[in-house]
Amino acid sequence: MIEPKSLLKNIIRIEDVAARIGKGMRLDRNERTTPLDTGIVKAVLNSLSSEEMVAYPELEPLYEKIARSTGLTRENILIFSGSDTGVKSLFEVYVEPGDEVVMLKPSYGMYFVYSDMFGAKKIAIEYDCDFRLPVQRVIDRINPKTKLVLLANPNHTGTVLQEEDICRIIEAAARHDALVLLDEAYHQFYPGTMVPYVNQFDNLIVLRTFSKAQGIAGLRIGYAVSQPGNIQNLHKVKLTHEITSVSARFAEYLLDHPEVAQGYVRDVEEGKAYIKEEMTALGLEMIPSVTNFVFIRLPEKVNGTDVVVRLAKKGISIKGPFKGVPLEGLIRITVGPKEQMKELMDVFRDVYDDVHSSIIRD
Ligand SMILES: Cc1ncc(COP(=O)(O)O)c(C=O)c1O
């Protein structure tokens, strides 16, 4: 074996290769939990010519549609194969070994991995156990060594930073020539956005994805929105052909038919209200969330792993229990439409009763 470069030596990446598609309920990765209407899939596939399969993709129509949907221009947009590639591109363009990268903890796991990969010093700002994150805590850690401030909003806590607090962070970062990434992966489940601020702040990059509310995680599309100078810099490390023609066509369809994502967001809200009612009836706390995932607090004596493993055996994948403040011991469920959540709760109730009554017997 040939040794990789030194920065990669201590990086361990484990691929989860377990088959999930068609195997039950995927409530563990915050994707869309129900299939897209087959009519949509057929219509898009039928619209693709065989020439589009043999030629390299032409993405201008998608660029134009994304630009229009954000209210900005083509020069403000860069498409990536998933927003994950967008995050990595930011590191490629801006981060040198020894630079500091400020991030919230918990947050999107790849922020931590890319920091290690590019030799950055991770400055992780932790939440309080009640999910509060005083914004001054973030601002205090921004200094001349800071290159990037990574904010997922909504974050993996299911909570958000307020617009005025984000502006304060962007202004603090600007004083030290640092960039702020506003990762809006869960946009649409939460309507707030910093896209309208792109023209005001030249150190702001907003990242969006088609993997969550738009529902096409398998097609791998994300995009950055920023001032043209930043987009040109990100363009320097772009893949020659960033996404496939097939992916582009689906994304175009979804932008032409916003009712698809809007309907799904409404379904998720309904599903969330239902889970809250059912969990409350079981005496369990559901932590408020503005996203398509919720955290459930189990009683201290209930073994969360046992609950998660038993659900998996019945074909329902959820995530957790988590470690670290503020998620310690919580389990996470990706929310889908109410009908699906009814199926979930029918199984969850039985599993929870079993695990709960076994501790009462002990
Ligand atoms: C906050 C956040 N950012 C980025 C991503 C990456 O999404 P994708 O690469 O599918 O666009 C995720 C995925 O879960 C996420 O939660």
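Not measured: the values here are computed from a predicted model.

Rules used in this analysis
Residues numbered from 1 in each chain as written. Predicted model: local features only at pLDDT ≥ 70, side-chain atom pairs only at ≥ 80, totals over all residues. Heavy atoms only, no water. Salt bridge = Lys/Arg side-chain N within 4 Å of Asp/Glu carboxyl O. Helix = DSSP H or I, 4+ residues; strand = E, 2+ residues; numbered from the N terminus. Buried < 20%, exposed > 50% of the residue type's maximum accessible area, 1.4 Å probe, protein only. Near = heavy atom within 4 Å. Polar contact = N/O pair within 3.5 Å; in protein donor to acceptor, adjacent residues only side chain to side chain. Areas by Shrake-Rupley, 256 points an atom, 1.4 Å probe, with all protein chains shown as cover. Nonpolar A, V, L, I, M, F, W, Y, C, P; charged D, E, K, R; others polar. Pairing = 2+ DSSP bridges.

Participant: Help me understand the pattern of salt bridges, please; the structure alone is not making it clear to me.
Facilitator: If the charged atoms of two oppositely charged side chains come close together, the side chains can form a pair. Tallied over the entire structure, the rule returns 22 salt bridges. A salt bridge links Arg-349 to Glu-278; its shortest N-O distance comes to 2.8 Å. Taken as a pair, Arg-349 in helix H12 (residues 338–361) and Glu-278 in helix H10 (residues 259–281) lie far apart in primary sequence, 71 residues in all. By relative accessible area, which is 25% here, Arg-349 ends up partly exposed. Looking at Glu-278, the relative accessible area reads 18%, which means it is buried. When the shortest N-O distance is used, the salt bridge between Arg-310 and Asp-354 registers 3.7 Å. Of this pair, Arg-310 sits in helix H11 (residues 304–313) while Asp-354 sits in helix H12, placing them 44 residues apart in sequence.

Participant: Please clarify how the site of the ligand should be interpreted in this entry.
Facilitator: Of all residues adjacent to the ligand, which total 13 residues, the nearest are Ser-83, Asp-183, Thr-209, Ser-211 and Arg-220. A distance of 3.1 Å separates an oxygen atom of the ligand from a polar side-chain atom of Tyr-186. Burial of the ligand by the protein amounts to 91% of the accessible area it has alone, namely 400 Å². For the shell around the ligand, the per-class residue count stands at four nonpolar, five polar and four charged.

Participant: Would you mind showing me how to read the pairing of strand E7 (residues 204–209) here?
Facilitator: Looking along a regular strand, one sees side chains alternate from face to face of the sheet. E7 sits mainly inside the fold: six of its six residues count as buried. A two-sided burial pattern is seen for E7, the buried positions comprising Leu-204, Val-206 and Arg-208 on one face and Ile-205, Leu-207 and Thr-209 on the other. Note: strand E6 (residues 179–183) against E7, four bridges, orientation parallel. Within E7, the position partnered with Val-180 by the bridge is Leu-204. Sheet topology note: the E7/strand E8 (residues 222–225) ladder contains four bridges and is antiparallel. Paired with Thr-209 across the strands is Gly-222, a residue of E8.

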